[in-house]
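This is what each chain is made of:
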Amino acid sequence: MKIIIVGLGQTGILLAERIPMENHDATVIDTDKEKIENITNLYNVNGICGSGASKEILMQAGAATADIIIAVSSVDEINLMSCMIAKNCGTRYAMARMNQPELSRDKDYFKSTFQIDSIINPKLETALEMHRQIFVPGELKADAYFSDVATIIRLRLTEKLIPAQGLPMKEIKGVLGADMLIATVTRGKKLYIPKGDFVLQKDDVVGVIAADTAISQIAARLGAEHKPVRHAMLVGGGTTAYYLGKLLLEDNKSVTILENNAKRCAELAELLPEANISYADGTDTEILLEEGLEKTDSCISMTGKDDTNMVISLFAWSQGVKSIITRINTTSYEKLLNKVNIDITILPALISANHVLSFIRNLAVHNAKGNDIQCLYQLAGGMAEATEFIAYDNCKKLGIAFRQPELKLKKDILIAMIIHEGQVIIPDGNSRILSGDRVIVISKKGNGLNTLNDIFHG
């Protein structure tokens, strides 16, 4: 497909890297000439310098014959204009990023009136991701969520769990004390999609998929403290903080927001009257302590600067705060935090990129029943993917037991879970996929799965 990307922020750059890997032709548009030159040198994309809201620029990018336009600039109005003009020029599908709450509330109007096919709100999605993570026990990192009933958590296998000679996969359930499955194993820089004969080693980083009801049991086996969150401190009072604060207040949690802009504090006090809004510098350690950092259950650093967020999280860690979440935009910072065991990081650009890739793949193959892909997540530093499919009547392997030879999966693909009528099933040889099931598939990067049928041989 021919795809136009408007805006080369963090999300646009991620898309410029990944879309060509899925065998699509991509053209990027940005007003920054240097960015265009850098991206076109790094990745297999074309580039045009100019405004994405210009009809002339869009036509140069091929809007008359493009399949999709993805508008992810930092300005909501530019994104809306880009999509509207491109659709009018002949582009088949349009997706716009929209962050402002007042505009996001009108997304149904924009869709119906201006034929914008999909609208994503990264700040809201980031807040939702943080909200889910806050309630995951201890220091466990949740990497993916499925149908509100299952989660993939990431953890490192220590000598407390793994003997010196290693541990066969079939024995890990007994160690973790719950019905679960190891979906991915990262050993050094190498990724494995493990099979039953795989032997786990100390220091392996594994992705464990389990029902949400089993997560606290796994956490207890790992010694991760499960302390219910009653009070959360949000450092930074931007739009994401507003969304997250609103979600937490709806859960009857106590919320403190520190913001160093007096005007924004007044706005937040009006928007969130039940929250404690403090006009304060969240980078000042004395102020953090005065505001009760030591007694808070969760500290979420979400200022506009990565380095500031890192410093706040490191200080919270030094004060013994159990749940620490850091919003960052640079993956190198994520690796740095991981080295001091602060690995609960949220990357808004990655969240947006996953939504966009899911949208693109659903358009790649038409299905009259609806979208095959419900959600898509990058795992193991982008080396693997977790995709939630719906099994429609056109699935070629409905009703066939997994032990049967005619149900054969392609290389580096694993069916990690089946969700049948809300019930979580960790599959075995007797399991079957039935119509309407949700099927969680783990695959290595580059498989480009568009439908559930893509995972099977024959």
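Residues numbered from 1 in each chain as written. Predicted model: local features only at pLDDT ≥ 70, side-chain atom pairs only at ≥ 80, totals over all residues. Heavy atoms only, no water.

Student: Honestly, the side chain of Asn309 in this entry has me stumped. Any pointers?
Tutor: The residue Asn309 is located in helix α13 (residues 306–318) in this model. Reaching out from Asn309, the side chain makes a polar contact with the backbone oxygen of Arg327 at a distance of 2.8 Å. Ignoring anything within four residues of it in the chain, the contact list for Asn309 reads Ser301, Met302, Thr303, Thr326 and Arg327. (Helix = DSSP H or I, 4+ residues; strand = E, 2+ residues; numbered from the N terminus. Polar contact = N/O pair within 3.5 Å; in protein donor to acceptor, adjacent residues only side chain to side chain. Contact = heavy atoms within 4.5 Å.)

Student: How do you make sense of the pairing of strand β14 (residues 231–235) when you look at a structure like this?
Tutor: Remark: a regular strand shows side chains that alternate across the two faces of the sheet. The buried fraction of β14 amounts to five of the five residues, a majority that puts the element mostly inside the structure. Here β14 shows no split at all, with His231, Met233 and Val235 on one side and Ala232 and Leu234 on the other all buried. In the sheet, β14 pairs with strand β15 (residues 254–259) via five bridges, with the strands oriented parallel. In the strand pairing of β15, Ala232 is matched with Val255. Since β14 and β15 lie parallel, the crossover through helix α10 (residues 239–250) that links them has a hand, and here it is right-handed. Across four bridges, the pairing between β14 and strand β17 (residues 298–301) is parallel. Each residue of the ladder has a partner; that of Leu234, found in β17, is Ile300. (Buried < 20%, exposed > 50% of the residue type's maximum accessible area, 1.4 Å probe, protein only. Pairing = 2+ DSSP bridges. Right-handed = clockwise from strand over helix to strand, strands pointing away.)

Student: Help me understand the sheet that holds strand β4 (residues 68–71), please; the structure alone is not making it clear to me.
Tutor: The pairing of strands in a sheet comes from backbone hydrogen bonds and takes either a parallel or an antiparallel form. Pairing is parallel in the open sheet, where six strands are placed in the order β3-β2-β1-β4-β5-β6. The sheet is open, and its two edges are formed by β3 (46–49) and β6 (118–120), each paired on a single side. Going from strand to strand, the sheet's axes swing by 15° on average, the running direction of each strand aside. For strand β1 (residues 2–6) and β4, the ladder comprises four bridges, and the chain directions are parallel. Pairing of Ile5 across the sheet is with Ile70, part of β4. In this fold helix α4 (residues 76–89) packs onto β1, β4 and β5 (93–97), with an angle of close to 175° to the strand it touches most, β5. (Axes fitted to C-alpha atoms, helices over the stretch in contact; angles between N-to-C directions.)

Student: What exactly am I supposed to notice about the packing of helix α7 (residues 122–134) against α10 here?
Tutor: Each packed pair of helices is defined by two parameters, the angle between the axes and the distance between the axes. Relative orientation of the contacting elements α7 and α10 amounts to 45°, with a least axis distance of 8 Å. The angle between α7 and α10 places the two elements in the oblique class. The two elements α7 and α10 cross, and the hand of that crossing is right-handed. Contact residues: α7 offers Lys123, Leu124, Thr126, Ala127, Leu128, Met130, His131 and Ile134, while α10 offers Thr239, Thr240, Tyr243, Leu244, Leu247 and Leu248. Of the residues in the contact of α7 with α10, the class split is nine nonpolar, four polar and one charged. (Parallel < 35°, antiparallel > 145°, perpendicular 65-115°, else oblique. Left-handed = near helix turned anticlockwise from the far one by under 90°. Nonpolar A, V, L, I, M, F, W, Y, C, P; charged D, E, K, R; others polar.)

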